[in-house]
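Descriptive analysis of the structure
Below are the chains, spelled out letter by letter.
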Amino acid sequence: CSTCHTSDYVNNFYQQYDDFVILYNEKFGKPGTAIMEALLAAGANPDLMSGDGSSSALSLASSNGDLSTMKVLIGGGGQVDLRMGGISGQRTALIIAAISGQRDAVNLLLDSKASIDAKSDSWGTALLAAACQGNSDVVRTLVHRGANVNVTSNSRGGARTAVECTALRANP
């Protein structure tokens, strides 16, 4: 940016972006967390799934990287290894976060004792899912946290390992 613009222009741009994030969190993030806490306090089931069984509140928050909601759900008894059925192919919140490239959500789930090598029917493990989606930050995180790099799966268009999936992505 500084190649084409003055430092004031660049700094103002980033300040405007930071102000937007603060405004968004004040308007939506904090009230959303308070609403979730109130619902759980009133007895809402944190593991209740959608009608077709393909998602739960934790899986949706994981796919969006909504750490505040994830913490409330996990603290309220939400199961980190709950498997979504239906079109989700038995995915866990960790696999969904890996597919979505949500590294911080992956770390939160692993810190909350999610099974790092849990397999789904459609994506294999979180490592395979992250590799197939090209989410290199998540791949590095999962490897660093101890994911089995040699796990095999019968999913994702014939790719059976993270290495094969990465090769397919690199050479379409």
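Treat the numbers as computed from the prediction; the structure is a model and nothing was measured. (Residues numbered from 1 in each chain as written. Predicted model: local features only at pLDDT ≥ 70, side-chain atom pairs only at ≥ 80, totals over all residues. Heavy atoms only, no water.)

1. So, unusual backbone geometry
Even without a glycine there, the phi angle at Lys 113 is positive, about 75°. Within the secondary structure layout, Lys 113 lies in the loop between α5 (103-111) and α6 (126-133). Note on Lys 113: relative accessible area 66%, which makes it exposed. (Helix = DSSP H or I, 4+ residues; strand = E, 2+ residues; numbered from the N terminus. Buried < 20%, exposed > 50% of the residue type's maximum accessible area, 1.4 Å probe, protein only.)

2. A look at the packing of helix α3 (residues 67-75) against α5
Running from N to C, α3 and α5 point in directions that differ by 15°, and their axes come no closer than 10 Å. Overall, the two elements α3 and α5 adopt an arrangement that is roughly parallel. The two elements α3 and α5 cross, and the hand of that crossing is right-handed. Contacts between α3 and α5 pair Leu 67, Met 70, Lys 71 and Ile 74 from the former with Asp 104, Ala 105, Leu 108 and Leu 109 from the latter. Each residue belonging to the contact of α3 with α5 can be placed in one class, and the counts come to 6 nonpolar, no polar and 2 charged. (Axes fitted to C-alpha atoms, helices over the stretch in contact; angles between N-to-C directions. Parallel < 35°, antiparallel > 145°, perpendicular 65-115°, else oblique. Left-handed = near helix turned anticlockwise from the far one by under 90°. Contact = heavy atoms within 4.5 Å. Nonpolar A, V, L, I, M, F, W, Y, C, P; charged D, E, K, R; others polar.)

3. Concerning the packing of α5 against helix α7 (residues 136-144)
Taken N-terminus to C-terminus, the directions of α5 and α7 make an angle of 20°; their axes are 9 Å apart at the nearest point. Classified by the angle between their axes, α5 and α7 sit roughly parallel to one another. For the crossing formed where α5 meets α7, the hand is right-handed. Between α5 and α7, the contacting residues are Arg 103, Val 106, Asn 107 and Leu 110 on the first element and Asp 137, Val 138, Thr 141 and Leu 142 on the second. Here the contact of α5 with α7 is composed, by residue class, of 4 nonpolar, 2 polar and 2 charged.

4. Side note on helix α4 (residues 93-100)
One turn of the α-helix equals 3.6 residues, which is why residues spaced by three or four share an orientation. Counting buried residues along α4, 7 of its 8 residues qualify, which places the element largely inside the surrounding structure. The complete set of buried residues in α4 reads Ala 93, Leu 94, Ile 95, Ile 96, Ala 97, Ala 98 and Ile 99. Buried residues belonging to α4 abut α2 (57-64), α5, α6 and α7. Following α4 by one or two positions, Gly 101 adopts a phi angle in the positive range, close to 75°.

5. A look at the pattern of salt bridges
Side chains that differ in sign of charge can pair as their charged atoms come close. Within the structure shown, the criterion is met by 4 salt bridges. Asp 104 is paired through a salt bridge with Arg 103; the nearest N and O atoms lie 3.9 Å apart. The shortest N-O distance in the salt bridge between Asp 111 and Arg 145 comes to 2.8 Å. Of the two residues, Asp 111 is situated in helix α5 and Arg 145 in the loop between α7 and α8 (162-170); the sequence distance between them amounts to 34 residues. Since its relative accessible area comes to 33%, Arg 145 is described here as partly exposed. (Salt bridge = Lys/Arg side-chain N within 4 Å of Asp/Glu carboxyl O.)

6. With respect to the environment of Leu 67
Within the fold, Leu 67 resides in helix α3. With 41 residues separating them in the primary sequence, Leu 67 and Leu 108 have C-alpha atoms 7.6 Å apart. With residues near it in sequence (within four places) discarded, Leu 67 still touches Asp 104, Ala 105 and Leu 108.

7. Focus on α5
Along α5, the positions that sit buried rather than exposed are Ala 105, Val 106, Leu 108, Leu 109 and Leu 110. Packed against the buried residues of α5 are α2, α3, α4 and α7. Just past α5, the residue Lys 113 takes up positive phi, approximately 75°.

The analysis is restricted to geometry; functional conclusions fall outside its scope.
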